[in-house]
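Inside the fold
Here's the letter readout for the chains.
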Amino acid sequence: MSVTSIDSVDFPKPSKVDAGLSWQDRRIAGLSRFAIAITTLNVLGHLFLGFEQSWATPFVALLATYGTELFLEIISAREEGRRPKFIGSAKVFVQFLLSAHVTGLAIGMLLMPLEQLWVIAFAGALAIASKRLFQVAIDSRKRHFLNPSNFGITVALLLFPTVGIAPPYQFTEATSGIVDILLPLLIIGTGSLLNLKLTGRMPLLLVWVGAFTLQAVVRAYWNDTSIVAGLVPMTGFAFILFTFYMITDPATTPSNPRSQWVFGASVALLYGLFMELHIVFGMFYSLTLVTALRGMWVAMGNPLLAARRRLLAGQFVEPGE
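Since the structure is predicted, the reported quantities are computational estimates derived from the model, not experimental observations.

1. Points about the overall build of the chain
Within the chain one finds 12 helices and four strands. Looking at the chain residue by residue over its 321 residues, the buried ones come to 48%. Within the chain, counting contacts between residues at least 6 apart in sequence, those at least 24 apart form 75% of the total.

This is the structure in structure tokens:
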């Protein structure tokens, strides 16, 4: 589930409604809304909803992601002979840390480290570092391709058997009655608005939900089990957060609608395969694998595409000439 780090690129072209917004304005607007939403959810979760991690967890996660983001930016600025991007006004500093803020709170909210706070720090630092370690060149710019928070969570789950995912019930553990209905509806409503107006990832979101439903039906038919059992994860708060705030990260997903369909369907297909193999945490693993494969595809496809363009432009030169 997520919660994302809309750290970079690939925001859709401005619509008629918000044609006055630049790409950077849209990026900051999206990041700000994500940051406000996840901060509110964390505060309410620890105060009223029933989050079972300690209060120290989100603060440790934020220290790790803030510190790593600032440290790596200082190193990069020195190597490139420029001023660090966070230097300037307080507003510039805050905007620079928005991505790290979202990533840190996502990891602190979703992992259950059993008070091993160093695991939270490790996952947070790794998530931020992955943005610098795993990049591909797109339009002459280096861009990361792994969803940072999802990658940090995935590696922590694989390396530390005592660490798990926060129980889905903690998001509504202390609520009852109409609140149990209104809270998910609020997340769905705000998530839909965010993805419709700012990220442009509604095609991906809809195909992911549809493909998830389809794989549940196919697995039920194949194993002669209940269809409802396969659909139950969709009723959980974790699935809702994953659907509206993690898998739709515009920095690490394609912007083309058809590519979004392939992306969403691939994550659902891999999830179904993991379930058949009795491997838990399938949503996180499948998203990491699909983003990694997409990064490899882009890395291999760009040189081929450039060569094809040169060939079509009559600029192809035979080897040895």
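Read on, since the account is not over.
2. Notes on helix α5 (residues 117-133)
Count 3.6 residues to each turn of an α-helix, and residues three or four apart come out pointing the same way. The end-to-end C-alpha distance of α5 is 24 Å, a good match for the 24 Å that 17 residues give at a rise of 1.5 Å each. Every buried residue of α5 is listed here: Val119, Ile120, Ala123, Gly124, Ala127, Ile128, Ala129, Ser130 and Lys131. On its buried face, α5 sits against α2 (56-80), α4 (98-110), β1 (111-112), β2 (135-138), β3 (141-144) and α6 (148-159).

3. Here's the deal with the pattern of salt bridges
Under the counting rule described, the total for this entry stands at four salt bridges. Linking Glu69 and Lys131 is a salt bridge whose minimum nitrogen-to-oxygen distance equals 3.0 Å. Of this pair, Glu69 sits in helix α2 while Lys131 sits in helix α5; the two residues are 62 residues apart in sequence, bridging distant segments of the chain. Just as Glu69 is buried, Lys131 falls in that class too. Each of Glu73, Glu80, Arg82 and Arg132 takes part in a single network of salt bridges with overlapping partners.

4. What to know about the nonpolar core
If you look at the biggest cluster of nonpolar residues, it comprises 58 residues, and the most contacted ones within it are Met109, Leu111, Ile153, Trp208, Leu241 and Ile247. Ranked by residue count, the leading element in this core is helix α10 (residues 237-246), at eight residues. Val136, Phe145, Val155 and Val298 belong to the second largest nonpolar core, which has six residues in total.

5. Some words on the confidence of the model for the chain
Across the chain, pLDDT averages 86, with 87% of residues at or above 70. Low pLDDT, under 50, characterises residues 1-17; the stretch is placed with 82 contacts to residues that sit more than four places away or in other chains. Low pLDDT (under 50) marks residues 316-321, which in the prediction has two contacts with non-local residues, meaning those over four places away or in another chain.

6. Brief notes about a nonpolar patch on the surface
A surface patch of nonpolar side chains, amounting to about 610 Å² of accessible area, comprises Val43, Leu44, Leu47, Phe48, Trp55 and Phe59. Element by element, the count of residues in the nonpolar patch is highest for helix α1 (residues 23-49), at four residues. Looking at the secondary structure, you find Phe59 in helix α2.

7. Considerations on helix α7 (residues 178-199)
Between its first and last C-alpha atoms α7 spans 30 Å; for 22 residues at 1.5 Å apiece the expected length is 32 Å, and the two agree. At the C-terminal side of α7, Gly200 shows a positive phi close to 70 degrees.

8. Let's talk about the packing of α2 against α4
With their axes 8 Å apart at the nearest point, α2 and α4 run at an angle of 145 degrees to one another. Handedness of the α2/α4 crossing: right-handed. Two secondary-structure elements touch here, α2 through Thr57, Pro58, Ala61, Leu62, Thr65, Tyr66 and Glu69 and α4 through Ser99, Ala100, His101, Thr103, Gly104, Leu105 and Gly108. Tallied by class, the residues present in the contact of α2 with α4 amount to six nonpolar, seven polar and one charged.

9. Notes on unusual backbone geometry
One non-glycine residue, Asp224, lies in positive phi territory at about 55 degrees. When you line up the elements, Asp224 lands in the loop between α8 (202-223) and α9 (227-231). For Asp224, a relative accessible area of 70% gives the class exposed. Non-glycine residue Phe281 carries a positive phi angle of around 60 degrees.

10. Topic: the packing of aromatic side chains
Here the distance between the centres and the angle between the planes together describe a pair of aromatic rings. Within the structure shown, the criterion is met by 17 aromatic pairs. For the pair Phe122 and Phe160, a centre-to-centre distance of 5.6 Å together with 85 degrees between the ring planes defines the contact as edge-to-face. Note that Phe122 is positioned in helix α5 and Phe160 in the loop between α6 and β4 (164-165), a separation of 38 residues in sequence. By relative accessible area, which is 31% here, Phe122 ends up partly exposed. Using a relative accessible area of 17% as the deciding quantity, one classes Phe160 as buried. Through pairs of rings, three or more aromatic residues link up here, namely Trp208, Phe212, Phe239, Phe242, Tyr271 and Phe284.

Cut-offs used in this document
Residues numbered from 1 in each chain as written. Predicted model: local features only at pLDDT ≥ 70, side-chain atom pairs only at ≥ 80, totals over all residues. Heavy atoms only, no water. Helix = DSSP H or I, 4+ residues; strand = E, 2+ residues; numbered from the N terminus. Buried < 20%, exposed > 50% of the residue type's maximum accessible area, 1.4 Å probe, protein only. Contact = heavy atoms within 4.5 Å. Expected span 1.5 Å × (residues − 1). Salt bridge = Lys/Arg side-chain N within 4 Å of Asp/Glu carboxyl O. Core = buried A, V, L, I, M, F, W, Y, C linked by side-chain atoms within 4.5 Å. pLDDT = per-residue confidence, 0-100. Patch = residues over 30% accessible without salt bridge, like charges linked within 9 Å, V, L, I, M, F, W, Y side chains within 5 Å. Areas by Shrake-Rupley, 256 points an atom, 1.4 Å probe, with all protein chains shown as cover. Axes fitted to C-alpha atoms, helices over the stretch in contact; angles between N-to-C directions. Left-handed = near helix turned anticlockwise from the far one by under 90°. Nonpolar A, V, L, I, M, F, W, Y, C, P; charged D, E, K, R; others polar. Phe/Tyr/Trp six-rings, centres within 6.5 Å; stacked < 30°, edge-to-face > 60°.

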